Amino acid sequence: MTTGELELPSSAASFLNCNLRGDEAMATHTDPVCGMKVDDQKAASQSTYQGNTYYFCSEGCKTKFDKNPQQYTSQKAVN
Ligand SMILES: [Zn+2]
């Protein structure tokens, strides 16, 4: 009487879960300058401002951002 031959090892199950999670791990960011969606893997450039990392579709957008980051990061209306 042998049981367990058909059971998947638990390590295989966690491997499958890991694979599923890997697909969702591709983060998409919004280029704050032009509003384009940018994959962090494919971003042409990135910049860190006040502890946040911003991703850009092109060097041109990064240059604009670096000149005046406040213009692109302020979520609240500035009086
Ligand atoms: Zn852009």
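Keep in mind it's a predicted model, so treat the numbers as computed, not measured. (Residues numbered from 1 in each chain as written. Predicted model: local features only at pLDDT ≥ 70, side-chain atom pairs only at ≥ 80, totals over all residues.)

1. Description of the environment of Q41
Phase 1: As for its placement among the helices and strands, Q41 is situated in the loop between β2 (37-39) and β3 (45-49).
Phase 2: Assessed through the 9 C-beta atoms surrounding it within 10 Å, Q41 is described here as exposed.
Phase 3: In sequence terms Q41 and T28 are 13 residues apart; their C-alpha atoms lie 8.8 Å from each other. (Helix = DSSP H or I, 4+ residues; strand = E, 2+ residues; numbered from the N terminus. Buried ≥ 20, exposed ≤ 12 C-beta atoms within 10 Å, placed from the backbone.)

2. Digging into the nonpolar core
Phase 1: Core analysis: the largest hydrophobic core is formed by seven residues, namely V33, V38, Y54, Y55, F56, C61 and F65.
Phase 2: Ranked by the residues each element gives to this core, the list is headed by strand β4 (residues 52-56), at three residues.
Phase 3: Leave out the neighbours within four places in its chain, and F56 touches D31, V33, V38, A43, A44, S45, Q46, C61, K62 and F65. (Core = buried A, V, L, I, M, F, W, Y, C linked by C-beta atoms within 7 Å. Contact = placed C-beta atoms within 7 Å.)

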